[in-house]
Amino acid sequence: MSMDESTPEAPATVRLTEPRDKAYWARYFQTPSEEVEAAVAEVGHDPAKVAERLGKPWPFEASGIV
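Summarised in this report is the structure supplied together with it. (Residues numbered from 1 in each chain as written. Predicted model: local features only at pLDDT ≥ 70, side-chain atom pairs only at ≥ 80, totals over all residues. Heavy atoms only, no water.)

Let's talk about helix 3 (residues 47-54)
Taken residue by residue, helix 3 has Pro 47, Val 50, Ala 51 and Leu 54 as its buried positions. Burial along helix 3 is one-sided: seen end-on, the buried residues are contained in an arc of 100°. On its buried face, helix 3 sits against helix 1 (19-29) and helix 2 (33-43). Where helix 3 begins, the side chain of Asp 46 points an oxygen toward the backbone nitrogen of Ala 48, at a separation of 2.7 Å. (Buried < 20%, exposed > 50% of the residue type's maximum accessible area, 1.4 Å probe, protein only. Helix = DSSP H or I, 4+ residues; strand = E, 2+ residues; numbered from the N terminus. Arc of directions from axis to C-beta. Contact = heavy atoms within 4.5 Å. Polar contact = N/O pair within 3.5 Å; in protein donor to acceptor, adjacent residues only side chain to side chain.)

This is the structure we're talking about:
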């Protein structure tokens with residue numbers, strides 16, 4: 001599925017500084033926030049790399065967020 005004007009884009013970086021950020025990314029990747037934090041610690045803040053580390057496609061359209 002291609003993205004169009006009505007589809008919001010995911011943020012360009014995985015920021016985990018606020019509880020809402022952790023909740024967003026946990027929901028986005030449908031995985032516990034601790035796993036997202038571990039992935040970010042391992043591969044950095046690039047969402048495509050975090051998704052790869054978590055074994056998820058990027059963008060992860062099944063998240064229900066995008």
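A few points about unusual backbone geometry
Residue Pro 59 is bonded to the preceding Trp 58 through a cis peptide linkage, with omega at -5°. Locating Pro 59 in the fold gives a position in the segment after helix 3. A positive phi angle, close to 50°, is found at Gln 30, a residue other than glycine.

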